[in-house]
Amino acid sequence: MASFVTIIILELLLFFFPFTSSLKQLQTKLVQPPLIPNSCNETCGKHHVPFPFYLNNTSCVSSSFSTSFHLTCTNSSTLFIKLASQNYPILDFFSDGLLVDFPGASSCRQYNDLNSFGERFFDGKNYFGVSVDNIVGLYDCEDSSLCKADCETVNLPGCDGSVGGGSLGCCYPLSDHSVWHVGEGFSVFSKFGCRGFSSWAVLRGDYSGKRGVKLEFAIPRNFSEVICAKNADVVNSTSVKDGVRCVCQDAYVGDAFANGTGCILSCIKDGKEAYGSDCYIKRHDQRKMVIMAGILCPVLIVASLATLFYLLKRKEKPGMFDSEQAYYHNISFRKACRTRLFSHHELEDATNGFEENRKFMQCNNSTMFAGVLGDGSHVAIHKLSKCENEKDMIQVMSQIEVLSSILHRNIALILGCCVDSNYAPLVIYEYPANGTLEDHLHQKFQNKGQKLGLDWYRRLNIATEIASTIALLHYDKSPPIFHHNLKSSCIFLDDDFSVKVAGFGLVNHDYTKCQNHVCKNDVYDIGVMLLEIIYGSNQLDTPKLALKKIRDGKIEEIVDPVLDYHEQPHCCQEQIQIMADLATRCLLFGADGKMGMVDVARELVHLSKESVDGGNVKGLVLEETFSNSSLLQMISMSPDSMNVP
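Residues numbered from 1 in each chain as written. Predicted model: local features only at pLDDT ≥ 70, side-chain atom pairs only at ≥ 80, totals over all residues. Heavy atoms only, no water.

This is how it is decided: UniProt positions are given in the numbering used here, feature names are shortened, and annotations may be inferred rather than shown by experiment.
Per an unreviewed UniProt entry, the recorded name for the protein is Protein kinase domain-containing protein, and the organism is Vicia faba. Its UniProt record gives the protein the following Subcellular location (unreviewed entry) comment, quoted word for word: "Membrane".

1. Notes on unusual backbone geometry
Under the convention used in this document: Runs of E in the DSSP output that reach at least two residues are strands. Runs of H or I that reach at least four are helices, and both are numbered from the N terminus. Only protein chains enter the calculation, and the probe is 1.4 Å; a residue is then buried if its accessible area is under 20% of its type maximum, exposed if over 50%, and partly exposed in between.
Cis rather than trans, the peptide bond between F51 and P52 has omega equal to 10 degrees. By the element assignment, P52 lies in the loop between β2 (47–48) and β3 (71–74). A positive phi is found at N352, a non-glycine position, where the angle reads about 55 degrees. One can find N352 in the loop between α6 (344–350) and β19 (359–363). N352 sits in the partly exposed class, given a relative accessible area of 48%.

2. What to know about the nonpolar core
Applicable threshold: Residue types Ala, Val, Leu, Ile, Met, Phe, Trp, Tyr and Cys, when buried and joined through side-chain atoms within 4.5 Å, form a set referred to as a nonpolar core.
Within the largest apolar cluster, 79 residues are counted, with the highest numbers of intra-cluster contacts made by Y429, I466 and V600. Counting residues in each nonpolar core, the second largest holds 53 residues, with L83, V136, F197 and C228 among its members.

3. Some thoughts on the packing of helix α10 (residues 522–535) against helix α12 (residues 570–589)
In plain terms, the rule: Working convention: axes come from line fits to C-alpha atoms, limited for helices to the stretch in contact. Angles between N-to-C directions cover 0 to 180 degrees. With respect to orientation, any angle under 35 degrees is reported as roughly parallel, any angle over 145 as roughly antiparallel, any angle of 65 to 115 as roughly perpendicular, and every other angle as oblique. Rotating anticlockwise by less than a right angle from the far helix to the near helix defines a left-handed crossing, while the corresponding clockwise rotation defines a right-handed one. Pairs of residues are marked as contacts when any of their non-hydrogen atoms sit within 4.5 Å. In this count, Pro and Cys sit with the nonpolar residues alongside Ala, Val, Leu, Ile, Met, Phe, Trp and Tyr, while Asp, Glu, Lys and Arg are called charged and the others, Gly among them, polar.
Between α10 and α12, the least distance of the axes is 7 Å, while the angle of their chain directions is 150 degrees. With respect to their mutual orientation, α10 and α12 come out roughly antiparallel. Where α10 crosses over α12, the two elements pack in a sense that is left-handed. Every residue of α12 that contacts α10 at V523, Y524, I526, G527, V528, L530, L531, I533 and I534 is listed here: I576, M579, A580, L582, A583, C586 and L587. Among the residues forming the contact of α10 with α12, the class breakdown is 15 nonpolar, 1 polar and no charged.

4. Notes on the sheet that holds strand β6 (residues 97–100)
Let me state the cut-off plainly: In short, DSSP must find at least two bridges between two strands for them to pair.
Taken together, the 6 strands give an open sheet; going across it, the order is β3-β4-β5-β6-β12-β7, and neighbouring strands pair in antiparallel fashion. At either end of the open sheet lies a strand with only one pairing partner, and these are β3 and β7 (128–130). Across this sheet, the average inter-strand angle for adjacent strands is 45 degrees, counted without regard to direction. Looking at chain direction, strand β5 (residues 86–94) and β6 are connected through 4 bridges and run antiparallel. For I90, the partnering residue across the bridge sits in β6 and is V100.

5. A word on the state of the cysteines
To keep it simple, the criterion reads: By convention in this document, the label disulfide applies to cysteine sulfur atom pairs within 2.5 Å.
This model, assessed by the stated rule, comprises 5 disulfides. The disulfide partner of C228 is C246, and the S-S distance across this bridge is 2.1 Å. Looking down the S-S bond of the C228 and C246 bridge, the torsion is -90 degrees, so its handedness is left-handed. Here C228, found in the loop between β13 (219–220) and β14 (232–236), pairs with C246, found in strand β15 (residues 243–248); they are 18 residues apart in sequence, far enough to count as distant. Each disulfide pairs two cysteine sulfurs, and for C248 the partner residue is C263, the sulfurs being separated by 2.2 Å.

6. Regarding the packing of helix α9 (residues 456–475) against α12
Viewed as axis vectors pointing N to C, α9 and α12 meet at an angle of 35 degrees, and their least axial separation amounts to 11 Å. Our pair here, α9 against α12, has a crossing hand that is left-handed. In this structure, α9 uses W456, Y457, L460 and A463 to contact α12, whose residues at the interface are C572, Q575, I576 and M579. Of the residues contributing to the contact of α9 with α12, the split by class is 7 nonpolar, 1 polar and no charged.

7. What to know about helix α7 (residues 390–404)
The condition is simple: A helix is expected to reach a length of 1.5 Å times the quantity of its residues less one.
The end-to-end C-alpha distance of α7 is 21 Å, a good match for the 21 Å that 15 residues give at a rise of 1.5 Å each. Buried residues of α7: D392, M393, V396, M397, I400, E401, L403 and S404, and no others.

8. Considering the side chain of D133
So the rule is basically this: In protein, a polar contact requires one atom able to donate a hydrogen and another able to accept it; more generally it is a pair of N or O atoms within 3.5 Å, and residues adjacent in sequence count only if both atoms are side-chain atoms.
If you trace the backbone, D133 turns up in the loop between β7 and β8 (134–139). At 2.7 Å, the side chain of D133 forms a polar contact with the side chain of K214. Look past the residues within four positions of D133 in its chain and what remains in contact with it is D96, W200, A201, V202, L203 and K214.

9. Structural notes on the sheet that holds strand β11 (residues 210–211)
One open sheet holds the 4 strands; their spatial order is β9-β8-β10-β11, and the pairing between them is antiparallel. Only two strands of the sheet have a single neighbouring strand rather than two, namely β9 (171–173) and β11. Sheet analysis places strand β10 (residues 196–201) next to β11, joined by 2 bridges and oriented antiparallel. Each bridged residue has a counterpart across the sheet, and for W200 the counterpart in β11 is R211.

10. Overview of the environment of I462
Inspection of the secondary structure puts I462 in helix α9. For the pair I462 and I533, spaced 71 residues apart in sequence, the C-alpha to C-alpha distance is 9.1 Å. Apart from the residues within four sequence positions on either side, I462 is in contact with L437, L454, L493, F497 and V499.

11. Quick word on the side chain of N521
You can see N521 is positioned in the loop between β29 (518–520) and α10. Judged by its relative accessible area of 3%, N521 is buried.

12. What about the packing of aromatic side chains?
Here a ring pair, both rings aromatic, is described through the centre-centre distance and the interplanar angle of the planes. Using the following cut-off: Ring geometry is summarised as follows: Phe, Tyr and Trp rings, the Trp one being its six-membered ring, pair when their centres sit within 6.5 Å, and such pairs are stacked at plane angles under 30 degrees, edge-to-face over 60 and tilted between the two. Geometrically, a charge over a ring is one whose NZ (Lys) or CZ (Arg) sits within 6 Å of the ring centre while staying within 35 degrees of the ring normal.
Applying the stated rule across the entire model yields 18 aromatic pairs. Each ring, one from F354 and one from F369, has its centre 5.2 Å from the other, and the planes form 70 degrees; the classification is edge-to-face. Pair noted here: F354 is in the loop between α6 and β19 and F369 is in strand β20 (residues 366–372), with a separation of 15 residues, a long-range link. The class of F354 is buried, set by a relative accessible area of 13%. Three or more aromatic residues joined by ring pairs make a cluster, and in this case those are F51, F53, F69, F93, Y127, F128, F217 and F257. Positioned above the aromatic ring of F94, the side-chain terminus of K214 is 4.9 Å from the ring centre. A cation over a ring is seen here: K383 above F354, with NZ or CZ 5.4 Å from the ring centre.

13. Considering the pattern of salt bridges
Any two side chains of opposite charge can pair, given that their charged atoms come close. The test is simple: Note on definitions: salt bridges are taken to be side-chain nitrogens of Lys or Arg within 4 Å of carboxyl oxygens of Asp or Glu.
In the structure shown here, the tally under the stated rule is 14 salt bridges. In this structure, D140 and R195 form a salt bridge, with 2.7 Å as the shortest nitrogen-oxygen distance. With a gap of 55 residues between them, D140 in the loop between β8 and β9 and R195 in the loop between β9 and β10 connect regions that are remote in the sequence. A relative accessible area of 40% means that D140 is categorised as partly exposed. Here K359 makes a salt bridge to E356, at a shortest N to O gap of 3.1 Å. Its relative accessible area of 25% is what places K359 among the partly exposed residues. Judged by its relative accessible area of 56%, E356 is exposed. Taken together, the shared-partner salt bridges connect D96, D133 and K214 into one network.

In structure tokens, the structure reads:
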């Protein structure tokens, strides 16, 4: 019990002492500090040279470090690094590498030679490798199967710096690994008939890129010296074979090297991030602290006794998760919420105390609320079930980190999260002004006082986008990502009725959920949603009634009156029947693995392509969206040739 009292006292002392490891500090939006220059404070133009890089003064680095980190400054303004007999202009530095331009680049060129980074550069003996954080734009490829649709949503500036100038006909993120692999040059794309390429560095969790090629650096694993500073960890390189780097632990910043600036304490002070000695109380504040301590000591004693009495009376729940303990067990909240850590108070204000009329989704012990932040931004706040133990919290944070890193036009943007041991975890999504699919199907969405409905073509396209996006997560990601919570209230719609999938269930131990002898998973759930797309405002209580009508050949009795089934063209009536049949098979065969999400996506994509001839312009956009994905190859295959996990 004494440990709990100590925690309470420490939390009270936080009012006066900058305790850097507190989770409450991390709930302030953090700004990444600038890279610290090397010990010689060398500069070239606008660049401060960080360790382990150096210009001419070798005392700035360990004498045994490779000369590969030696840089050249030309005209006191331009930095170069020489690798494999080529000089690469340096555009920027990162904590794990640097951004370089193409060798010999003297003018703005939209596309560059695929051999710009030759194979000699990747002979396995260098300290550098092409980072997986690069997104490549490919020019004039004869085979578009390598193109990926999920990188088209990233803002990529043109070579002249213009916004939107990097719009691509074909893009490929190196993190995909299906065509390009670590250690290869860019010439690998020539076998697809590509004639040139551009490159942007897009850091994980970001939605905009910096033009250039990011190179990751590393030190050989068998390096004889101790290279990492105190409060730093050794991590494996992702792009350099048998290479390692040093990374500062949470609450510390710096280059992390023993011979560099090491790792400096970081804290929140006066609402801003401070470093080093600024995190400690200065001498001239001591007198003030003595006076304040004299006033507060009685208060602390009373509070401690009251807390002790409360804890002795309370029956503690076994296995309860403590967010402070989790922090010390290396659950990195900064990592998972790469964009923003919200405070619970901030989200309470955004939802007026999570009032009932802000709720628009509830299932599986989770709830989603509509909210408005202080800056006027509309958000959806997903309140998950409270984590009962550390294992569940680790799973939640891991899932948030993975979802935050996915850039796809049909997955809702995660703005951040809120983690507090006193409350359930919260995930904050960007909330489009067009509401949810449920709003439109059930005639809840109002625009200027008028209720709106969805025509059949829009419903078909929405169903296809949902199935294709979930199939992409199931089959194109490793390990696969399952939604666990798929329903119409989790499907956001933007201005042009494009789908944004949200509301992922993040604490699930099994892929298939069984309740009341009925097993459910994502395929089963999309079957229910397909039926809902058909019956819409009829709002049937259970899918059983819909299935009975379908089996009896009376589908017209359940079709949404908004669609006016008998007035639909014959081709649309057939499509409604086909979707109903597909929904039935999802419910019957989805949970036992006989039918996969890729099967659902394949049938809906083929059905939506037929709608293009019926005047559905959106179908053309849909086809373009998924034609550049590797998923298309799976969708195009016959069932007999499919071999998916």
